[in-house]
Amino acid sequence: MQFYRHLGPIQAMTFDLDDTLYDNRPVIRQVEAQMAAWLHKYHPISAIKPLSWWNHIKRQVAQEDDWLPNDVTLWRFKQIEHGLTLLGYEPEQATQAANDAIEEVLRLRSDFTVPQKAHSILGQLAERIPLVAITNGNVDVKRIGLDPYFSLTLKAGPDGYAKPHPDLFQKAAQHLNLPNESILHVGDHLVTDVLGAKNSGFSACWFNEGEEDIFNLTKAKVLPDVEVKCLKDLLLFIER
């Protein structure tokens, strides 16, 4: 554990989910591969265009509606709907196909097992202090078994602007009804989590499982208050 600033008593914690409590990278790779196969099977016309074309559609719909990057589920829906429309589907067909695709995406997205160590640490923390989940993703916290630990789960899109925007942090603070500086936000991302937390008046904990040197990372905009390399270190805050 590395401290960069003095921290007062921590009365609550907020948690990023993806790549903090579990490795999300293989999950996303599997979702992308399986969704491509699903689309090709049930909507074969989708296979006539390469991945680069579909990625262009994703960028295009975001240019037309700048809210979409705040809601990854809606963004994917619009990508599929618009792409199939361009490939010749009638609007109603494209909308139904996109709805079916999103149902499959959300099923696949939460089809994994969270490591037991995360369950153990969250369970011990939740016995002592309130916990809130703040995510830019669309994982189903109940399906992956983490909902018992959190008094509230906030998702970018349905609940507001994506981190690092202060929207979700402010809603977490209102829910917890505690001084912002007494809330420690834990996350792996130096911009969405660390910068977002600090700009919202929260204390910030950078989860650096890869043991990177923050002073060599150009994406670092502000120092966290504390850096941990394993989640177990967070238990020290409830022993103080």
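Reading guide: rules and limits
- Residues numbered from 1 in each chain as written.
- Predicted model: local features only at pLDDT ≥ 70, side-chain atom pairs only at ≥ 80, totals over all residues.
- Heavy atoms only, no water.
- Pairing = 2+ DSSP bridges.
- Helix = DSSP H or I, 4+ residues; strand = E, 2+ residues; numbered from the N terminus.
- Contact = heavy atoms within 4.5 Å.
- Axes fitted to C-alpha atoms, helices over the stretch in contact; angles between N-to-C directions.
- Phe/Tyr/Trp six-rings, centres within 6.5 Å; stacked < 30°, edge-to-face > 60°.
- Expected span 1.5 Å × (residues − 1).
- Buried < 20%, exposed > 50% of the residue type's maximum accessible area, 1.4 Å probe, protein only.

1. Concerning the sheet that holds strand 6 (residues 203-207)
Taken in spatial order, the seven strands make up an open sheet running 1-7-6-5-2-3-4, and their pairing is mixed. Each edge of the open sheet carries a strand with a single partner, namely strand 1 (2-3) and strand 4 (152-155). Where strand 2 (residues 12-15) lies against strand 3 (residues 131-135), three bridges are found, and the strand directions are parallel. Bridging from a neighbouring strand, Met13 pairs with Leu131 of strand 3. Across the sheet, helix 6 (residues 167-176) touches strand 2, strand 3, strand 4 and strand 5 (183-187), and the angle it forms with strand 3 is around 165°. The strands touched by helix 7 (residues 190-199) within the sheet are strand 5 and strand 6, with strand 6 carrying the most contacts at an inclination of about 165°.

2. Focus: the packing of aromatic side chains
Overall, the coordinates contain eight aromatic pairs when judged by the stated rule. Each ring, one from Tyr22 and one from Phe112, has its centre 4.8 Å from the other, and the planes form 55°; the classification is tilted. With a gap of 90 residues between them, Tyr22 in the loop between strand 2 and helix 1 (25-42) and Phe112 in the loop between helix 4 (91-109) and helix 5 (116-126) connect regions that are remote in the sequence. Considering the side-chain rings of Trp53 and Trp54, the 5.0 Å spacing of their centres and the 90° angle between planes classify their relative orientation as edge-to-face.

3. Digging into helix 3 (residues 72-86)
An α-helical turn contains 3.6 residues, so a residue and the one three or four places further along point in the same direction. The end-to-end C-alpha distance of helix 3 is 21 Å, a good match for the 21 Å that 15 residues give at a rise of 1.5 Å each. Those residues of helix 3 that sit buried are Thr73, Trp75, Arg76, Phe77, Gln79, Ile80, Glu81, Gly83 and Leu84. Lining the buried residues of helix 3 we find helix 1, helix 2 (51-64) and helix 4. Phi turns positive, to about 115°, at Gly88, one or two residues after helix 3.

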